[in-house]
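If you want the building blocks of each chain, they are given just below.
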Amino acid sequence: MFHKVLIANRGEIALRIIRACKELGIKTVAIYSKADELSLHVRFADERVCVGPPDSAQSYRNIPNILSAAEIRDAEAIHPGYGFLAENAHFAEACEAAGIVFIGPTPDNIAMMGDKAKAKETMIKCGMPILPGSRGVVSSEKEALNVIKEIGFPVIIKACAGGGGRGMRVVHKEQELVNTFLMAQAEAKASFGSDQVYIEKFFSNPRHVEVQILADKSGNVIHLGERECSVQRRHQKLIEETPSPIVDEKMRKKMGEVAVKASKSLAYINAGTIEFLVDEENNFYFMEMNTRIQVEHPITEMVTGIDLVKEQIRVAAGEPLRYKQKDIRMMGHSIECRINAEDSEKFTPSPGRITAYCAPGGPGVRLDSAAYAGYTVPPFYDSVIAKLIVHSADREDAISRMGRALDEFVIEGIKTTIPFHKRVLQSREFLSGKYSTNLVEQLLSQ
Ligand code: MV4
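Everything numeric in this text was worked out from a predicted model, so none of it was measured. Just so you know, the residues in each chain are numbered from 1, in the order the chain's sequence is written. In view of the model being predicted, local features appear only for residues whose pLDDT reaches at least 70, and side-chain atom pairs are presented and counted only at 80 or more, with totals across whole chains, interfaces and linings using the full set of residues. Working from all heavy atoms in the structure, the side-chain values ignore hydrogens and water.

Novice: Provide a residue-level description of the domain arrangement of the protein chain, including the pertinent values.
Specialist: Domain assignment breaks the protein chain into domain 1 (4-103), domain 2 (130-201) and domain 3 (207-445). Delimitation of the domains relies on an automatic or database domain assignment. The gap between the C-alpha centroids of domain 1 and domain 2 is 37 Å.

Novice: Break down unusual backbone geometry for me, citing the residues and quoting the values.
Specialist: Residues phenylalanine 153 and proline 154 are joined by a peptide bond in cis, for which omega reads -5 degrees. Strands here are runs of E lasting at least two residues and helices are runs of H or I lasting at least four, both read from the DSSP assignment and numbered beginning at the N terminus. Of note, proline 154 is situated in the loop between helix H7 (141-151) and strand S6 (155-163). Along the chain, threonine 242 connects to proline 243 via a cis peptide bond; the corresponding omega equals -5 degrees. Examined against the element boundaries, proline 243 turns out to sit in the loop between strand S11 (236-242) and helix H9 (249-265). Residues other than glycine seldom take positive phi values, yet histidine 235 does so here, at roughly 65 degrees. Tracing the backbone through its elements, the reader meets histidine 235 in the loop between strand S10 (221-233) and S11.

Novice: Describe the environment of glycine 127, with residues and values.
Specialist: Relative to the helices and strands, glycine 127 is located in the loop between helix H6 (116-125) and H7. The classification of residues rests on relative accessible area computed with a 1.4 Å probe and restricted to protein chains. Under 20% of the type maximum is buried, over 50% is exposed, and intermediate values are partly exposed. Among the residues examined, glycine 127 registers a relative accessible area of 44% and is labelled partly exposed. Each C-alpha atom, one on glycine 127 and one on proline 105, is 21 Å from the other, the two residues being 22 residues apart in sequence. Beyond its immediate sequence surroundings of up to four residues, glycine 127 is in contact with Val258 and Lys261. It only takes one pair of heavy atoms within 4.5 Å for two residues to be counted as in contact.

Novice: Please set out the site of the ligand residue by residue, giving values where relevant.
Specialist: Near is defined per residue: the residue qualifies when any heavy atom it owns lies within 4 Å of the molecule or strand. As a structural note, the neighbourhood of the ligand is formed by 18 residues, with Lys158, Glu200, Lys201, Phe203 and Glu288 the closest of them. In the environment of the ligand, a nitrogen atom lies 2.9 Å from a nitrogen or oxygen atom belonging to the side chain of lysine 158. One of the side-chain nitrogen or oxygen atoms of glutamate 288 is found 2.9 Å away from a nitrogen atom of the ligand. Relative to its free-state accessible area of 520 Å², the ligand is covered by the protein chains to the extent of 90%. Counting residues per element, the ones that place at least two in the shell around the ligand are S6, strand S8 (197-201), strand S12 (270-278) and strand S13 (284-290). Classification convention: Asp, Glu, Lys, Arg as charged; Ala, Val, Leu, Ile, Met, Phe, Trp, Tyr, Cys, Pro as nonpolar; all other residues, Gly among them, as polar. Split into classes, the residues belonging to the shell around the ligand amount to 8 nonpolar, 5 polar and 5 charged. In the analysis that follows, any N or O atom pair within 3.5 Å is treated as a polar contact, provided that within protein one partner can donate a hydrogen and the other can accept it, and provided that, for residues neighboring in sequence, both atoms belong to side chains. Using a 1.4 Å probe, the Shrake-Rupley method yields the accessible areas, and only the shown protein chains count as cover for residues.

Novice: Outline the packing of aromatic side chains, listing residues and values.
Specialist: How two aromatic rings sit relative to each other is set out by the distance from centre to centre and by the angle between their planes. By convention, a stacked pair of Phe, Tyr or Trp rings (six-membered ring in the case of Trp) has centres within 6.5 Å and planes under 30 degrees apart, an edge-to-face pair has planes over 60 apart, and any other such pair is tilted. Under the definition given, this model contains 11 aromatic pairs. Relative to tyrosine 381, the ring of phenylalanine 380 lies with its centre 5.9 Å away and its plane at 65 degrees, an arrangement referred to as edge-to-face. A relative accessible area of 47% places phenylalanine 380 in the partly exposed class. Summarising the aromatic geometry, the rings of phenylalanine 430 and tyrosine 435 are spaced 5.3 Å apart at their centres and angled 25 degrees between planes, so their arrangement reads as stacked. In terms of burial, phenylalanine 430 and tyrosine 435 fall into one category: buried. Ring-pair connections join several aromatic residues into one group, and the members of that group are Tyr60, Phe84, Phe380 and Tyr381. Positioned over the ring face of tyrosine 372 is arginine 43, at 5.1 Å from the centre of the ring. The ring of tyrosine 435 has arginine 207 lying over it, and the distance from NZ or CZ to the ring centre is 4.9 Å. Our definition puts a charge over a ring when NZ of Lys or CZ of Arg is within 6 Å of the ring centre and also within 35 degrees of the ring normal.

Novice: An account of the packing of helix H3 (residues 63-72) against helix H4 (residues 89-97) is requested, with residue identities and associated values reported.
Specialist: In this description, a line fitted to the C-alpha atoms serves as the axis of each element, helices being fitted only across the stretch in contact, and the angle between N-to-C directions of two axes falls anywhere from 0 to 180 degrees. Close contact between H3 and H4 brings their axes to 11 Å; oriented N to C, the two are set at 30 degrees. For the pair H3 and H4, the crossing hand works out as right-handed. Between H3 and H4, the contacting residues are Ile63, Ile66 and Leu67 on the first element and Phe91, Ala94 and Cys95 on the second. Considering only residue class, the contact of H3 with H4 consists of 6 nonpolar, no polar and no charged. Two helices cross in a left-handed way if the nearer one is turned anticlockwise from the farther one by less than a right angle. They cross in a right-handed way if the turn is clockwise.

Novice: An account of the packing of H4 against helix H5 (residues 107-114) is requested, with residue identities and associated values reported.
Specialist: At a minimum axis separation of 8 Å, H4 and H5 run at an interaxial angle of 175 degrees. Of the possible angle classes, the one that applies to H4 and H5 is roughly antiparallel. Where H4 approaches H5, its residues Ala89, Ala92, Glu93 and Glu96 are matched on the opposing element by Pro107, Ile110 and Ala111. For the contact of H4 with H5, the class distribution of residues is 5 nonpolar, no polar and 2 charged. Orientation labels follow simple angle bins: below 35 degrees gives roughly parallel, above 145 gives roughly antiparallel, 65 to 115 gives roughly perpendicular, and whatever is left gives oblique.

Quick look at the structure:
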């Protein structure tokens, strides 16, 4: 096992990783920007190195500075968390070249999944159900029309280098195609440096359901069930729950099996997530694979009892998985609410000083947060300041427990999304479990 790990991240996920390292007896090195001198991750780590100014391009994404920090402090491995460098193949490669273990998959696996059209091609070969559409890149309107002859309107044009909802355009009829196609290419070029796009049949009112997997260096892969992530706004997830209200044992088994089979054929190592789009008939199709630990990982931990971050570190150190598929049981129901430093109606950022802070507690409540009374939320980074997670025997009890925990939570001095969460939890649509990715828009227009 490693003796010392550097955490190339900040906030709640840096703290989460420090906690896992502590329990594994691993020393930790925090990195931080000038804006984060008073952050909890800096205080809780055994060592700390300032890697640059507030701008994350010069600090949390500054590869030379981060590698120097790891070398100076003798860290044997780097945990990237999520965001920043977590899915940067060059960084994974640079770690390898410097003799430092990147806690994640190989650079090749990261690069492959980063190209969404390539990922799709690869997944077809792995027996994964995929969204009907072009085989690979579409480079002209003529080619686009040929694809559309097969699948019909509406279609969606996606940037190969996009992902997470970035670089997508829907086309409803032929008159719009040429314009939208050229616009999609130009936007892809401007945003990602590549004008490559591909085309799919567009599904309206989809659900987003994802499967968690864990894979070790000996080729063992297991899945840990699904997470329902359809409560989102502009591709930012707001509430996640497991199990998904629409997934039954049979569907879970099928999704899990294809996810495991694909990860095996990729020789994937690390925790990973296969995202599926689920249509109104509960057919599921591969969307993307995320090669990192995800924000919403705690709900899977609550129902399976498995510490995903510790497992991630163990498999990176070459240890075999300690669980076989038959050891995995999903117990009860878990929900996560992402509490953002944002106005709860307009979702505009609300950074600033937290003047009062009182955390919820009691049975079945977990709070992953790096916030505290007197802490100032900087304006430079992601606005998630806390993840409130509950676990209970069933969905109804979990919803009621989350309502109680949200009522207990006091954060003063800044605006948060707590009022929004209370509203969703009381909505007929959420309570019924029959909601799609349109839920938030529906509620906000009421
Ligand atoms: C789609 C789609 C409909 N049809 N693809 C958004 C995130 C990225 N992973 C892919 N996304 C979508 N792809 C086809 N062929 C609708 C979305 C989509 C979406 C997907 C999951 C969760 C929320 C979403 C919100 C808007 C659009």
